[in-house]
Amino acid sequence: MNESKKLSVSAIKEGTVIDHIPAASLFKVLTILDLESLKSQITFGTNLYSKNLGLKAIIKVSNKFFKDNEINKIALVAPEAKLNIITDYEVVEKKIVQIPENVVGIVKCVNPKCITNHDEIVTRFTVINKSDVALKCHYCEKITDQAQMKILK
Ligand code: CTP
Ligand code: ZN
């Protein structure tokens, strides 16, 4: 194998490769998928060159196959992410992520006066713009846009 063709992060035998994550969203994606609590082997790389994204990140999770509703949550911070399902070293399926209609938990409401920032209430939003993600709070109706989006742990 030619030096320039070597994978920056080694291939995996079984599991899920999440590719085309904007580099700035890597840690948000790790949090959203709660990968910290997973016992599977996880490798990731960031600030890798990508023709389309500029700098991208990639996450490889061995022996883990996510449910669509779990994976769609990452669309909030990585709308162009692509999932590759790997079986015996081969890519057997490719999936794109889809922005959900509603977001429960995960995101903090931008409004400092919102009840969710004072009481122990799970945040709830309606997705009002799917291309440049914007979330409308169910409680205070304020809009949290992509740039303001803070991910709750
Ligand atoms: N991959 C991996 N382990 C494997 C097979 C593939 O980690 N056993 C990774 C590759 O490194 C790549 C991604 O899975 O990041 C998708 O693989 P492939 O479809 O072969 O690559 P591309 O054609 O470049 O994919 P894309 O659809 O993103 O253009
Ligand atoms: Zn609110």
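Not measured: the values here are computed from a predicted model. (Residues numbered from 1 in each chain as written. Chains lettered and ligands numbered in written order. Predicted model: local features only at pLDDT ≥ 70, side-chain atom pairs only at ≥ 80, totals over all residues. Heavy atoms only, no water.)

Visitor: Honestly, the sheet that holds strand β2 (residues 42-50) in this entry has me stumped. Any pointers?
Guide: As a general point, the strands of a sheet are linked pairwise by backbone hydrogen bonds and lie either parallel or antiparallel. Taken together, five strands build an open sheet; the order of strands is β2-β3-β1-β4-β5 and the sheet is antiparallel. Here the strands that pair on one side only, and so sit at the sheet edges, are β2 and β5 (90-96). The sheet shows a mean angle of 20 degrees between the axes of neighbouring strands, taken without regard to direction. Here strand β1 (residues 15-22) runs beside strand β4 (residues 82-87); their pairing, made up of five bridges, is antiparallel. By the bridge assignment for β4, Gly 15 is matched with Ile 86. (Pairing = 2+ DSSP bridges. Helix = DSSP H or I, 4+ residues; strand = E, 2+ residues; numbered from the N terminus. Axes fitted to C-alpha atoms, helices over the stretch in contact; angles between N-to-C directions.)

Visitor: Sorry if this is basic, but what is going on with the pattern of salt bridges here?
Guide: Oppositely charged side chains are able to pair whenever their charged atoms sit close together. Counted by the stated rule, this structure contains four salt bridges. Between Asp 19 and Lys 56 there is a salt bridge, with its nearest N and O atoms 2.7 Å apart. Of this pair, Asp 19 sits in strand β1 while Lys 56 sits in strand β3 (residues 54-62), placing them 37 residues apart in sequence. Assigned by exposure class, Asp 19 and Lys 56 land together as buried. In this structure, Lys 95 and Asp 68 form a salt bridge, with 3.3 Å as the shortest nitrogen-oxygen distance. (Salt bridge = Lys/Arg side-chain N within 4 Å of Asp/Glu carboxyl O. Buried < 20%, exposed > 50% of the residue type's maximum accessible area, 1.4 Å probe, protein only.)

Visitor: For this particular structure, what's the right way to read the environment of Cys 114?
Guide: Positionally, Cys 114 belongs in the loop between β7 (107-108) and β8 (124-129). Overall, the relative accessible area of 1% leaves Cys 114 in the buried class. Spatially, the C-alpha atom of Cys 114 lies 28 Å from that of Leu 26, the residues being 88 residues apart in sequence. Filtering out sequence-adjacent residues up to four positions away, Cys 114 remains in contact with Cys 109, Cys 137, Tyr 139 and Cys 140. (Contact = heavy atoms within 4.5 Å.)

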